[in-house]
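# Survey of secondary and tertiary structure
Listed below are the residues making up each chain.
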Amino acid sequence: MRKIVVAIAAFMVSAVPALAQQPPGGRLGTGLPVPRYVSLKTDRVNLREGPSKDHRTAWVFQRAGLPVEIIAEYETWRRIRDSEGTEGWVLHSLLSGRRTALVMPWAKSGEPPISLLDRADAKAGIIAQMQPGVIANVRACDGKWCRVMIGMERARDLDGYVQQEKLWGVYPNEQIE
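Remember, predicted model here, so these are calculated numbers, not experimental data.

## Thoughts on the nonpolar core
- Grouped together as the largest cluster of nonpolar side chains are 18 residues, with contacts concentrated most on Met130, Val148, Leu167 and Val170.
- Going through the elements one at a time, strand E8 (100-103), strand E9 (114-117), strand E10 (126-130), strand E11 (135-142) and strand E12 (145-150) are the ones with two or more residues in this core.
- Not counting residues within four places of it along the chain, the set of residues in contact with Met130 comprises Val103, Pro113, Ile114, Ser115, Leu116, Ile150 and Val162.
- Tyr37, Leu47, Ile70 and Leu95 belong to the second largest nonpolar core, which has 14 residues in total.

Okay, structure coming up:
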């Protein structure tokens, strides 16, 4: 009898973390890893206080391509966080799997611009100088360097390399192919 009680107790202890990770009602989202980075699909995305249209809109994002981090899923809703730490819920259809990153959004005013280089080497040639907050399309990352493309309105897009640690929208040491 004692073995049965110990076995049941051991099972209950191991089940608690799994239950704690499930969203309310046990309704899972996509099954993709959480957290993960995605980007905003449109120029107008309502950030809500909860996972339904009945919840109040707390903020409106107005920048398509902005990277955000999905930190929870509930049915068709995703809880996201932006580079400033603001969190809320958005409908999944307003998000894109396209990987983008912000160039050093944490930089203070007056800091020098960040170099976009022609190869993954600190001594490489400079293609352009980027201001903090520029959105870059992430093409690939090797854990230290990311190849990115910067869309230009009236000129040819810029394609080059930036140190991964200078981007918000990719994890440290993350590799993207």
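From this point on, the discussion continues.
## Topic: the pairing of E8
- The alternating pattern of E8 places Thr100 and Leu102 on one face and Ala101 and Val103 on the opposite face, and all of these are buried.
- Note that E8 and E11 share three bridges and pair antiparallel. Pairing of Leu102 across the sheet is with Ile135, part of E11.
- Alignment of E8 against strand E14 (residues 167-168), held across two bridges, turns out to be antiparallel. Opposite Leu102, over in E14, you have Trp168 as the bridge partner.

Definitions and cut-offs
- Note that residues are indexed from 1 along each chain, following the sequence as it is written.
- For this predicted model, a pLDDT threshold of at least 70 governs which residues receive local features, and a threshold of 80 or more governs which side-chain atom pairs are given and counted, while totals over whole chains, interfaces and linings are taken from all residues.
- Side-chain calculation: all heavy atoms of the structure are included, whereas hydrogens and water are not.
- To form a nonpolar core, buried Ala, Val, Leu, Ile, Met, Phe, Trp, Tyr and Cys residues must be joined to one another through side-chain atoms within 4.5 Å.
- Relative accessibility under 20% of the residue-type maximum defines a buried residue, over 50% an exposed one, and the middle range a partly exposed one, all with a 1.4 Å probe and only protein chains included.
- A run of DSSP states H or I qualifies as a helix once it reaches four residues; a run of E qualifies as a strand once it reaches two. Both are numbered from the N-terminal end.
- Every residue pair with non-hydrogen atoms within 4.5 Å of one another is taken to be in contact.
- By this definition, two strands are paired if DSSP reports at least two bridges between them.

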